[in-house]
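Spelled out, the chains give:
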Amino acid sequence: MVLRLEQVSFSWPSGHNALWKCNLIVPKPGLWMLLGKNGSGKSTLFRVVKGLLKHQSGCITCTSKTALVFQNPDHQLLLPTCGSDLRLQMPAGLVPDTYQYIIDRTLSMVGLEGFAERPLYSLSGGQKQRLAIAGAILSEAGLLLLDEPSAFLDPETQNDLLELVSSLCNRNKFPLTALWITHRLEELDACTGAAMMEKGQISNWIEGNQLRMQLNPLPFGQVKG
Ligand SMILES: Nc1ncnc2c1ncn2[C@@H]1O[C@H](COP(=O)(O)OP(=O)(O)OP(=O)(O)O)[C@@H](O)[C@H]1O
């Protein structure tokens, strides 16, 4: 088990319940997708899991370090170059001689080989998202909370990002766990499991293509081509 929420509730000072007796179990590494209407509580859930907001009741158990990846990478990349930004994410206690090797290795893991000296302003949106994911990996997070990471990307770059995260979550050695919020039904085909969020609560996991069919059934008489 990677993450468990039991009866977790969070309300804003206005009294609005963004999470209400919310239950969730992420049983194992993989790419898990969450869908839900605007305002259903998805981003609040991530902030509560990450510990940025304190829930008022219920219990959260998480066996991994967590990292948030925002919709807009400009909200989390801070330093002038890829290498210096990653240096910020490094856990304490590493031998300084190994910094460059670790940075280069992590950049190549996300398809940014040789980018250590590249200025952030020169990166495309997709490359920035890869760098944000590299930062999460480098910080030794095992659970990535991705809040609509592909929202600003073109279809091809969106697909590349999905493939990257899927491969990190399905690799044999140290597979990651990703919780990925999306509004794009076509992304569901890549996931390990999918669930709907509604009014601060989350449904059980089902297969991605099953949820896709539920949300976008084919018109009567039409077959999938
Ligand atoms: N800082 C805040 N102060 C008060 N209420 C908030 C705040 N942030 C979010 N909310 C409210 O909490 C509820 C859940 O919002 P949240 O952003 O978690 O939804 P969401 O499912 O992520 O929506 P979206 O798909 O639009 O990102 C909404 O009613 C929202 O108005």
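Note that the structure is a prediction, hence the values are computed from the model and not measured. (Residues numbered from 1 in each chain as written. Predicted model: local features only at pLDDT ≥ 70, side-chain atom pairs only at ≥ 80, totals over all residues.)

*Asks:* Describe in detail helix 3 (residues 99–109), supporting the description with residues and values.
*Replies:* All of the buried residues in helix 3 are Ile103, Thr106 and Leu107. Seen along its axis, helix 3 keeps its buried residues to an arc of 100 degrees; they face one direction. Looking at the buried residues of helix 3, the elements they touch are helix 2 (82–89) and helix 4 (125–138). Note on helix 3: the residue one or two positions beyond its end, Gly111, has a positive phi of about 75 degrees. (Buried ≥ 20, exposed ≤ 12 C-beta atoms within 10 Å, placed from the backbone. Helix = DSSP H or I, 4+ residues; strand = E, 2+ residues; numbered from the N terminus. Arc of directions from axis to C-beta. Contact = placed C-beta atoms within 7 Å.)

*Asks:* I'd like a rundown of the site of the ligand, residues and numbers included.
*Replies:* Lining the immediate surroundings of the ligand are Trp12, Ser14, His16, Ala18, Gly36, Asn38, Gly39, Ser40, Gly41, Lys42, Ser43 and Thr44. Looking at the shell around the ligand element by element, the count peaks at three residues for helix 1 (residues 42–50). Here the shell around the ligand is composed, by residue class, of two nonpolar, nine polar and one charged. (Near = placed C-beta within 6 Å. Nonpolar A, V, L, I, M, F, W, Y, C, P; charged D, E, K, R; others polar.)

*Asks:* Pulling in residues and values, what's your account of the sheet that holds strand 8 (residues 193–198)?
*Replies:* Spatially, the six strands line up as an open sheet ordered 5-6-7-3-8-9, and their pairing is mixed. At either margin of the open sheet sits one strand with a lone partner, and together these are strand 5 (66–69) and strand 9 (201–202). Examined bridge by bridge, strand 3 (residues 30–36) and strand 8 share five bridges and lie parallel to one another. Within the sheet, the bridge partner assigned to Trp32 lies in strand 8 and is Gly193. Docked against the sheet, helix 4 engages strand 5 and strand 6 (143–147), running at close to 170 degrees with respect to strand 5. (Pairing = 2+ DSSP bridges. Axes fitted to C-alpha atoms, helices over the stretch in contact; angles between N-to-C directions.)

*Asks:* Could you give an account of the nonpolar core, naming the residues involved and the relevant values?
*Replies:* One finds Leu144, Val165 and Ala178 to be the most contacted residues of the largest nonpolar core, which totals 58 residues. The element that contributes the greatest number of residues to this core is helix 4, accounting for seven residues. (Core = buried A, V, L, I, M, F, W, Y, C linked by C-beta atoms within 7 Å.)

*Asks:* Residues and numbers for the pairing of strand 8, please.
*Replies:* On a regular strand, each side chain points to the face opposite its neighbour's, so the side chains alternate between the two faces of the sheet. Note: strand 8 against strand 9, two bridges, orientation antiparallel. In the strand pairing of strand 9, Met197 is matched with Ile202. Following strand 8, the chain reverses through two residues before pairing antiparallel with strand 9; Lys199 in that reversal takes a positive phi of roughly 45 degrees.

Everything listed is a geometric property; what it means functionally is a separate question.
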